[in-house]
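# Per-entry structural report
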Amino acid sequence: MFKRARIAAKSAARRSTIARRVLAALLAASLLPVAASSVEARDPLLAYGARIVGDDARTRIVIDFDREPRFSVHYIANPERIVVDLPATAFGFPAKDLAARGLFKDIRYGKMDEESARIVLTTAGPVKLALAKVQADETGNGHRLVLDAETIDKKAFAELVKTQSWSDRTEAAQTTSAIPAPERAAPGDFVIAVDAGHGGIDTGAIGVDTKTEEKQVTLAFAKALTDRLNKEPGIKAFLTREDDEFLSLSQRVLIARQNHAGLFISLHADTLKQKDIRGATVYTISDKASDKLAADLAERENLSDQIAGKETVAEPPEVADILLDLTRRETQAFSISLAESVLNSFKDQVGTINNPHRHAGFRVLQAPDVPSILLEIGFLSNAEDEKLLLDEAWRGKIAGLLTDAVKRYRAAVMANGG
């Protein structure tokens, strides 16, 4: 069955020289320079080829690297997933070359942070890797990672999850010292966390025409908004992520809280099945969704951690208690006030969907003491919205209108003694 894979490997090796040029292009296209803090970050691995063969009984994945990769494998339940962790890696092969098939119903790969990357294989049922090894390419061009998956029963999979030992480097990095802080924040400054949705392995939505990834759109808007806010006296804004890296939903909330943010604004540009729907929407948190569209969006956004191969961790009881007390209720009222201020700014300036203020249980809005909104700037599933989302002038206009909204909100809070 795997003869096809060996033939494809030879073909892929011949493309390695061209693929190396892809790495330079990928790095040049980055929104920020690559960090020079580690050797792997300066010189990431290049995954220049990939293929997948097999059926619903056994499936093989082969990935070609320019040099030998270190890797580790872990298993996650609910749903069943296989996580392959790698050092910093640039993925230079076409997405179609590793499209899900056989035992895998979804395959994601991408950056986690400056020093690591991840492949997440969501399986159609309990599966284990019967083989996971790196071998030198017979042509002498780099190395191959070979993953052979086969079906097992639920009990055997549960035992794999139970007996494994692993630590998530991205969670280990979640310390106060690693969290970005606003520059030159002075006592009395109004601090705002600007959150670019998605990032790293979590690409978010894909543009209907240009195939632009949502994570790129949100980061560009977040940078424009942060720059504009920081021109205002007494306001200091900062980014939850400054480049293409993955942050868990809880990390985003933690970053805002540990920097004593007075506002949290999360930016998104989703897709819908109904491609004719376009315009902005502002969401606030609520235990019950305002409508099906809001409920569906919250469900998708809350899957961000799962997409990146994170284990679902239940909130401790004390956190759940905090979210239900008077602090949360007061924060929700402030969040609604901010949402209304944003929509007032957008009136006659920016198109919005029907009933543009909606609410649902977004995990990224769960800071109990930080007023928070999630802003869908537009929909990448709509061709007209997509054009605007990629327009620098439009980006600047949105940043200006949001800044006006924040200033009005702040003035109202200050007038009420806040």
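See the structure shown above.
Report on the accompanying structure. (Residues numbered from 1 in each chain as written. Predicted model: local features only at pLDDT ≥ 70, side-chain atom pairs only at ≥ 80, totals over all residues. Heavy atoms only, no water.)

### Side note on the pairing of strand β3 (residues 72-76)
Of the strand pairs in this sheet, β3 and strand β4 (residues 81-87) are connected by 5 bridges, and their pairing is antiparallel. From the neighbouring strand, Y75 faces β4, where its bridge partner is I82. Remark: 4 residues form the turn of the hairpin made by β3 and β4, two consecutive strands paired antiparallel; N78 in that turn has positive phi of roughly 55 degrees. (Pairing = 2+ DSSP bridges. Helix = DSSP H or I, 4+ residues; strand = E, 2+ residues; numbered from the N terminus.)

### Some details on the nonpolar core
The biggest cluster of nonpolar side chains holds 39 residues, and the ones touching the most others in it are I192, V194, L267 and F346. Elements represented by at least two residues in this core include exactly β10 (190-196), α6 (214-229), β11 (235-239), β12 (263-268), β13 (280-285), α11 (326-346), β15 (372-376) and α13 (392-415). Among the elements that take part in this core, α13 stands out by supplying 8 residues, more than any other. In this view, I192 contacts L229, I235, K236, A237, F238, L263, I265 and V406; residues no more than four positions away in its chain are not counted. By size, the runner-up hydrophobic cluster in this structure holds 28 residues, among which are L45, A47, F91 and L147. (Core = buried A, V, L, I, M, F, W, Y, C linked by side-chain atoms within 4.5 Å. Buried < 20%, exposed > 50% of the residue type's maximum accessible area, 1.4 Å probe, protein only. Contact = heavy atoms within 4.5 Å.)

### Here we look at the side chain of D85
Position of D85 relative to the elements: it lies in strand β4. A distance of 2.6 Å separates a polar atom in the side chain of D85 from a polar atom in the side chain of R118. (Polar contact = N/O pair within 3.5 Å; in protein donor to acceptor, adjacent residues only side chain to side chain.)

### Things to note about α6
Here α6 is 16 residues long and its end C-alpha atoms lie 22 Å apart, about the 22 Å a rise of 1.5 Å per residue gives. Taken across its 16 residues, α6 has 12 buried, putting it largely inside the fold. Every buried residue belonging to α6 is among E214, K215, V217, T218, L219, A220, F221, A222, K223, L225, T226 and L229, and all of these are buried. Against β10, β11, β12, α8 (292-301), α12 (383-389) and α13 lie the buried residues of α6. (Expected span 1.5 Å × (residues − 1).)

### Overview of the sheet that holds strand β9 (residues 143-151)
The strands making up a sheet associate through hydrogen bonds between their backbones, and the pairing can be parallel or antiparallel. Pairing in this open sheet of 5 strands is mixed, and the strands run β5-β1-β2-β9-β8 from one edge to the other. Of all the strands in the sheet, just β5 (89-91) and β8 (127-136) have a single pairing partner and so form its edges. Averaged over all neighbouring strand pairs, the angle between strand axes comes to 25 degrees, with direction disregarded. Of the pairings in the sheet, the one linking strand β1 (residues 45-54) to β5 comprises 3 bridges and is parallel in character. Counterpart to L46 in the pairing with β5 is A90. (Axes fitted to C-alpha atoms, helices over the stretch in contact; angles between N-to-C directions.)

### A short note on the sheet that holds β11
Judged by pairing direction, the sheet is mixed, and its 6 strands sit side by side in the order β11-β10-β12-β15-β13-β14 without closing on themselves. The sheet terminates laterally at β11 and β14 (352-360), the two strands that pair on one side only. Neighbour-to-neighbour, the strand axes of the sheet open up by a mean angle of 20 degrees, direction not taken into account. By the bridge criterion, 5 bridges tie β10 to β11 in an arrangement that is parallel.

### Observations concerning the pattern of salt bridges
Counted under the stated rule, the structure contains 26 salt bridges. For K154, the salt bridge identified is with E80, shortest N-O distance 3.7 Å. Of this pair, K154 sits in helix α4 (residues 154-163) while E80 is found in the loop between β3 and β4, placing the two residues 74 residues apart along the sequence. Residue classification places E80 among the buried positions, given a relative accessible area of 17%. The closest approach of N and O atoms between E232 and K407, which form a salt bridge, is 3.4 Å. Of this pair, E232 sits in the loop between α6 and β11 while K407 is found in helix α13, placing the two residues 175 residues apart along the sequence. Classification of E232 by relative accessible area gives buried; the value is 14%. Taken together, the salt bridges that share partners define one network made up of R58, R60, D148 and E150. (Salt bridge = Lys/Arg side-chain N within 4 Å of Asp/Glu carboxyl O.)

### Some points on empty space enclosed by the protein
Per the counting criterion, the structure on display carries 3 cavities of 30 Å³ or more. Looking at the largest cavity, its volume works out to about 100 Å³. As for the largest cavity, its lining consists of 15 residues, of which L249, H268, E301, S304 and V364 are closest to the centre. Of the volumes computed, that of the second largest cavity is approximately 60 Å³. Lining the second largest cavity we find 10 residues, and of these I285, R328, Q332, L365 and A367 sit closest to its centre. Across the lining of the second largest cavity, the residue classes tally to 5 nonpolar, 4 polar and 1 charged. (1 Å grid on protein atoms, 1.4 Å probe; cavity = no way out; pocket = protein on both sides within 12 Å on 5 of 7 lines; lining within 4 Å. Points joined across faces, edges and corners; volume = space filled by probe spheres on them. Nonpolar A, V, L, I, M, F, W, Y, C, P; charged D, E, K, R; others polar.)

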